[in-house]
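Listed below, chain by chain, are the residues.
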Amino acid sequence: MSRYIYSIGLVLLTFVLGPGPTLGHPGSAGPPSAADEVLAWNATALAAAEVGGQNNIVITRTLAMVHLAVHDALNSISRRYEPYALQTRAEPGTEPAAALAAAARGVLVQLIPRYGSAAQQAKATEIVEGAYAAALARLPDAPAKDHDIGAGRAAAEAMLALRKTDGAFAAARYTPGTGPGQWRPTPNPVPPHPSVPDPAMAAGNLPALQPQWREVTPFTLLTPGQLRLPPPPPLV
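Cut-offs used in this document
- Residues numbered from 1 in each chain as written.
- Predicted model: local features only at pLDDT ≥ 70, side-chain atom pairs only at ≥ 80, totals over all residues.
- Heavy atoms only, no water.
- pLDDT = per-residue confidence, 0-100.
- Contact = heavy atoms within 4.5 Å.
- Helix = DSSP H or I, 4+ residues; strand = E, 2+ residues; numbered from the N terminus.
- Phe/Tyr/Trp six-rings, centres within 6.5 Å; stacked < 30°, edge-to-face > 60°.
- Buried < 20%, exposed > 50% of the residue type's maximum accessible area, 1.4 Å probe, protein only.
- Core = buried A, V, L, I, M, F, W, Y, C linked by side-chain atoms within 4.5 Å.

## Some details on the confidence of the model for the protein chain
Any region with low pLDDT has predicted coordinates that should not be read closely. The predicted model of the protein chain averages 81 in pLDDT, with 75% of residues at 70 or higher. Low confidence marks residues 1-32, where pLDDT is under 50. Its contacts with residues over four positions away, or in another chain, come to 67 contacts.

Below you can see the structure in the form of structure tokens.
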């Protein structure tokens, strides 16, 4: 699972890595590059999502939202690329490191409560808040620091608003079939692991995972089925 998720993270980094603002006040030599900070927040997002109970499918959405918010935050400071969700520009002199951290945190703290148990959510929140506090502690206190953070929050809020009705949490129940080529529930060990809340399903099979995901609004495609391949030849 970790290798699969890490690969997704590397793909998503293409949105934000490359020539961009140097971390440190604009015009200064600055400490680490934006790429270093983005990589650090990628690791934080992965760690929080995993301990927070997110599966392989929903983590792809979480990472995309985090990295696109980071992209918009940095792009609002130094407009080099087309914006994704945030169309406004940050004020001159905005600190990229503060904006980047606030953008990533802003998305993650809103997604964490949607998954896992209370204990898992608490662990995920601890990871994110710890990384955020450490990121801000590396920056000098300045009168404009709150504004710098605000630029990142604006990017996070724009991303969250854009994906609010994307169908990721739509109610859907898959009814298994018995015909050739139709998916059937996977046999579950006895006792069931992980535990299955529905007693009717706990006896032997796990339900379908994220059956609504085929209808979730894509991040780049126009429709979920835009590049869908034709079905295989009939089995009967």
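## Structural notes on the environment of Tyr132
Considering the arrangement of structural elements, one finds Tyr132 in helix α5 (residues 118-137). Sequence-wise, Tyr132 and Gly106 are 26 residues apart; in three dimensions their C-alpha atoms are separated by 10.0 Å.

## Quick look at the packing of aromatic side chains
A full pass over the atoms with the stated rule returns two aromatic pairs. On the numbers, 5.7 Å between centres and 40 degrees between planes, the contact of Tyr115 with Phe169 is tilted. Remark: Phe169 occurs in the loop between α6 (145-162) and α7 (199-202) and Tyr115 occurs in the loop between α4 (96-111) and α5; sequence separation between them is 54 residues. The exposure class of Phe169 is partly exposed, given its relative accessible area of 33%. On the basis of an interplanar angle of 70 degrees and a centroid distance of 5.5 Å, the ring pair of Tyr174 and Trp183 is categorised as edge-to-face. Look at Tyr174 and you get partly exposed, because its relative accessible area is 36%.

## Examining the nonpolar core
One finds Trp41, Val70, Val107, Tyr132 and Met159 to be the most contacted residues of the largest nonpolar core, which totals 43 residues. The set of elements that each furnish at least two residues to this core consists of α2 (34-51), α3 (56-77), α4, α5 and α6. Among the elements that line this core, the one with the most residues is α4, at 11 residues. Those residues in contact with Met159 that lie beyond four places of it in its chain are Met65, Leu68, Ala69, Tyr84, Ala85 and Val107.

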